[in-house]
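# Coordinates in review
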There are 2 protein chains.
Amino acid sequence: MFRFQPLGAVAVLLLLLTADGAIPPPEDAARMARFVLHTCDWGALATLSAQEGLHGYPFANIFSLSDGPPGPFSGSGVPYFYLTDMEISVQDLEINSNASLTVSLAQTPYCKKHRYDPQNPLCAHIIFSGSVVKVNDSETGLAKKALFSRHPEMESWPKDHNWFFAKFNITCIWVLDYFGGLKIVTPEEYYSVKP
Amino acid sequence: MFRFQPLGAVAVLLLLLTADGAIPPPEDAARMARFVLHTCDWGALATLSAQEGLHGYPFANIFSLSDGPPGPFSGSGVPYFYLTDMEISVQDLEINSNASLTVSLAQTPYCKKHRYDPQNPLCAHIIFSGSVVKVNDSETGLAKKALFSRHPEMESWPKDHNWFFAKFNITCIWVLDYFGGLKIVTPEEYYSVKP
C-alpha cells in the first residue's frame, strides 16, 4: 500500500532544486560530459558476454559509480566502481575488458522538471568507450572515498564477495546534449576540464 | 539558477507515492521483470559497435521505451522503441541486430525512497537479451499507442529523421531483485504473466 515518506520526498525535492544549478552550455561538450558523470550515481555498462550460448553478444547491466564525493560539480571525472567476481558482467570483463558506459540526466529529476523526453537530446546523455580495469594500490584511497561517500551502503556489503575497486579507463566519449547529433570528446579534453 | 517548479515537484511526489504500490514479491521473478519494464520509460541498450575503429566493441546508449500506456502495472511486456537510422546505435543494429536492454528501479524514486543503493539487489533491475527488430504493419498501432501515450513529445520529432517503430525481441531475461544472484526467466514465463 502507499505510504508517504516525508524524508524521501524532501530528498527528491532537494535534487529537483539543485540538479540544474550548474548545467554547462551545450557548446562545452567536455564540461557537459564531466557534469553528467558527476551528477549520476550509477550507470549502464555494456560488455561482451562470456556466458555459454551468448558468447560475444552484447550484455547491458547496472552498476553504482562515483567520480568523487557528492557536491556541486566537483570530482575527478574517473568513473569508479566497486565490483565482485561473482557479478556476471565482471565475469565478462575477465575474458574481455572492453566495455561501454552510459549515464543520462534522465537518471536525475532534471529532464522530468524540464519536460524533456529521455530520448530528447536536451536530456543530455554521455557514452564512454574503453575498458574496465582494477584500481592499483596508489589509487585505492581515491576510489574508496569516491564510492563510499556516495554509496555508504557499500561498506556493509558481504565481505565474502571479495569486492574490489575498479575504474572505467576512458578511450572515447560521445556527448548528446543538443540537436545536430553526437559530439566526440577526447579523454584529454575531458580530463582537462576544471570543475 | 534554482527555480521551484511546483508541477514537476508534484509529478515526482506522485511517482514516489505510487512506485511501490504494486511491486511483486521477489520470488515471482517473471512478474518482477514485467513490473520493472512497465514502470520504466527508458532503458539502456547495448549493441555491438559498427563504427570504424570500434567494430565489435560493446556500445551502450539510452532510448525511450514503452510496453503500453502508463498506469499501475498494465502493458504488454514488449519494449517498443521509436528509432531513426540517424542514430549511431541503430546503425550498429543494421549490421548486427543482437542487443541487450536493461531497466532498473533506480530510474524511479523507489530505490531512493527505500534507501537502496542502485547496485543493491533490492533496487531491482532486469536485463534482456535478444535483438531489435522493426515492427510490422499489424503491430504499428500498438507500438504507436504505447510510445506516444508515454512520450507525447515523439509526435513532434523532426519528420525528416524517418522515425520508425521497433521492438526488443526477447530471447532471455535475467532478474536481479533479491540476494542470491540473478534469476533467469524465459520469454514464455514473462509473457504469460497477467498484470
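Residues numbered from 1 in each chain as written. Chains lettered and ligands numbered in written order. Predicted model: local features only at pLDDT ≥ 70, side-chain atom pairs only at ≥ 80, totals over all residues. Heavy atoms only, no water.

All names here are of chain A. With 89% of its residues at a pLDDT of 70 or more, chain A has an overall mean of 90. Counted against residues more than four places away or in other chains, residues 1-19, with its pLDDT under 50, gives 34 contacts. As a predicted assembly, this complex carries a pTM of 0.90 together with an ipTM value of 0.89. (pLDDT = per-residue confidence, 0-100. Contact = heavy atoms within 4.5 Å.)

Turning to its location among the elements, Ser129 of chain B is positioned in strand β5 (residues 125-134). Look at Ser129 of chain B and you get buried, because its relative accessible area is 1%. For Ser129 of chain B, the contacting residues outside a window of four places in its chain are Leu54 of chain A together with Ala99, Ser100, Phe168, Asn169, Ile170, Thr171, Cys172 and Trp174 of chain B. (Helix = DSSP H or I, 4+ residues; strand = E, 2+ residues; numbered from the N terminus. Buried < 20%, exposed > 50% of the residue type's maximum accessible area, 1.4 Å probe, protein only.)

So, about the pattern of salt bridges. Inspection of every chain in the model, using the stated rule, returns ten salt bridges over all chains. Of the charged contacts, one joins Lys183 of chain A and Asp177 of chain A as a salt bridge, the two residues approaching to 2.5 Å between their closest N and O atoms. In this structure, Arg31 of chain B and Asp28 of chain B form a salt bridge, with 3.1 Å as the shortest nitrogen-oxygen distance. Residue class for Asp28 of chain B comes out partly exposed when judged on its relative accessible area of 27%. (Salt bridge = Lys/Arg side-chain N within 4 Å of Asp/Glu carboxyl O.)

Looking now at the packing of aromatic side chains. Taken as a whole, this structure holds 27 aromatic pairs over all chains when the rule is applied. Ring centres 6.4 Å apart and planes at 75° place the aromatic pair Phe63 of chain A and Phe81 of chain A in the edge-to-face group. Taken as a pair, Phe63 of chain A in strand β2 (residues 58-64) and Phe81 of chain A in strand β3 (residues 80-83) lie far apart in primary sequence, 18 residues in all. We note that Phe63 of chain A, like Phe81 of chain A, is buried. With a centroid separation of 5.7 Å and an interplanar angle of 50°, the aromatic rings of Phe148 of chain B and Phe165 of chain B are classed as tilted. With Phe148 of chain B in helix α5 (residues 137-150) and Phe165 of chain B in strand β6 (residues 164-176), this residue pair connects regions lying 17 residues apart in the sequence. As far as the burial class goes, Phe148 of chain B and Phe165 of chain B line up, both buried. A network of ring pairs unites the aromatic residues Tyr82, Phe148, Trp157, Trp163 and Phe165 of chain A as a single cluster. (Phe/Tyr/Trp six-rings, centres within 6.5 Å; stacked < 30°, edge-to-face > 60°.)

Turning our eyes to something else, we now look at the UniProt feature "domain: CREG-like beta-barrel" (unreviewed entry) in chain A. In the numbering used here, UniProt assigns the "domain: CREG-like beta-barrel" (unreviewed entry) feature to residues 24-192 of chain A. Annotation note: span residues 24-192 of chain A, helix share 25%, strand share 30%, distance between end C-alpha atoms 15 Å. (UniProt positions renumbered as here; feature names shortened; annotations may be inferred.)

This brings us to the state of the cysteines. Residue and element names in this part refer to chain B. Evaluated as defined, the whole model comprises two disulfides over all chains. Unpaired in this structure, Cys40 has its nearest cysteine sulfur neighbour in Cys111, at a distance of 9.3 Å. The thiol of Cys172 is unpaired, and the distance to the nearest cysteine sulfur, on Cys40, comes to 19 Å. (Disulfide = S-S within 2.5 Å.)

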